[in-house]
Amino acid sequence: IHVPGHSGKYIELDVEAASEETYKRNGPPPSRRLVNLKDEVLANKITIVEGEMGAGKSSLARHLVTHFAGPTAFKETNVLPIYQSFTTYLKSSG
C-alpha cells in the first residue's frame, strides 16, 4: 500500500491520553496515561491527535493508515482509515 509522504521508516511514538482536566488552567496537572493508538482508533469513532509542530502527527497518521489499510488488518478489524488534516475537515464541514 502506498501512502503519499510515507517513506516506510517510522519511529513509534509515546502517545498520552488527554482528559478535559488537561485543558483546565487551575489545579495540579493531570496524571499522564500512555495509550496504544491502534487500540484507541478501534475503540473510538473519531480519534484526534494534537501536538507541537514537528512532533510527528502526520507521520503517525500515515503510519496508522498504512497499518489499517493492509489486507490482513482490514479483514481482522473491518476498519477503513481516512486520513484528513483538521484544516481540511473544518473546510469541508463548513
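Each chain carries its own residue numbering, running from 1 in the written order of its sequence. Only residues with pLDDT of 70 or above have their local features reported here, since the model is predicted, and side-chain atom pairs are shown and tallied only from 80 upward, although totals for entire chains, interfaces and linings are computed over all residues. Only heavy atoms go into the side-chain values, all of them from the structure, while hydrogens and water stay out.

Asker: Is there a simple way to explain the overall build of the protein in this structure?
Answerer: Helix and strand counts for the protein come out as 4 helices and 2 strands. Helical segments are the DSSP runs of H or I of at least four residues, strand segments are the runs of E of at least two, and each set is numbered from the N terminus. Moving toward the C terminus, one meets the helices and strands of the protein in the order β-β-α-α-α-α. Relative to its 94 residues, the protein shows a buried fraction of 16%. Accessible surface is estimated by sampling points in the Shrake-Rupley manner with a 1.4 Å probe; for residues, cover comes only from the protein chains shown. For the protein, the accessible surface area stands at approximately 7,900 Å², while carbon and sulfur atoms represent 53% of it. Think of it in three bands: with a 1.4 Å probe and only protein chains considered, a residue is buried below 20% of the maximum accessible area for its type, exposed above 50%, and partly exposed in between.

Asker: Looking at this model, I keep getting lost on a nonpolar patch on the surface. Mind explaining?
Answerer: A cluster of nonpolar side chains, Phe86, Tyr89 and Leu90, forms an exposed patch at the surface whose accessible area comes to about 320 Å². Mapped onto the fold, Leu90 is located in helix H4 (residues 86-93). A patch consists of residues exposed above 30% relative accessible area that lack any salt bridge, with like charges linked at up to 9 Å and nonpolar side chains (Val, Leu, Ile, Met, Phe, Trp, Tyr) linked at up to 5 Å. Think of a salt bridge as a Lys or Arg side-chain nitrogen and an Asp or Glu carboxyl oxygen that are within 4 Å of each other.

Asker: Please explain helix H2 (residues 57-69) as it appears in this structure.
Answerer: Think of an α-helix as 3.6 residues a turn; residues three or four steps apart then line up on the same face. The length a helix should cover is 1.5 Å for every residue beyond the first. Given a rise of 1.5 Å per residue, 13 residues ought to cover 18 Å, and the 18 Å separating the end C-alpha atoms of H2 matches this to within 8%. Every buried residue of H2 is listed here: Leu60, Ala61, Arg62, His63, Leu64, Val65 and Phe68. Note on contacts: a residue pair is in contact if any heavy atoms of the two residues lie within 4.5 Å. Buried positions along H2 lie against strand S1 (15-17), helix H1 (37-43) and helix H3 (71-77).

Asker: What exactly am I supposed to notice about the environment of Ala73 here?
Answerer: Residue placement: Ala73 occurs in helix H3. Residues within four places of Ala73 in sequence aside, it is in contact with His67, Phe68 and Asn78.

Asker: Would you explain the environment of Pro81 in this entry?
Answerer: Looking at the element boundaries, Pro81 is found in the loop between H3 and H4. Assessed through its relative accessible area of 23%, Pro81 is described here as partly exposed. Spatially, the C-alpha atoms of Pro81 and Leu64 are 7.7 Å apart, while their sequence positions differ by 17 residues. Excluding residues within four positions of it along the chain, Pro81 makes contact with Val65, Phe68 and Ala69.

Asker: Whenever I open this one, the confidence of the model for the protein confuses me. Can you help?
Answerer: Caution is warranted with low-pLDDT regions, since their predicted coordinates should not be read in detail. Within the protein, residue pLDDT values average 78, and 73% of them lie at 70 or more. Of all secondary-structure elements in the protein, the lowest mean pLDDT belongs to S1, at 77, while H3 reaches the highest, 90. pLDDT gives the predictor's per-residue confidence on a scale running from 0 to 100.

Asker: What is the right way to read unusual backbone geometry from this model?
Answerer: With the exception of glycine, most residues fall at negative phi, and the peptide bonds are largely trans. Located in the positive-phi region is Asn78, a residue other than glycine, with phi close to 60°. In this fold, Asn78 is placed in the loop between H3 and H4. Overall, the relative accessible area of 61% leaves Asn78 in the exposed class.

Asker: When you look at the environment of Leu42 in this model, what are you seeing that I'm missing?
Answerer: One can find Leu42 in helix H1. By relative accessible area, which is 44% here, Leu42 ends up partly exposed. Distance in space between the C-alpha atoms of Leu42 and Thr77 is 7.7 Å, their sequence separation being 35 residues. Other than its neighbours up to four places away in sequence, Leu42 contacts Phe68, Thr77 and Val79.

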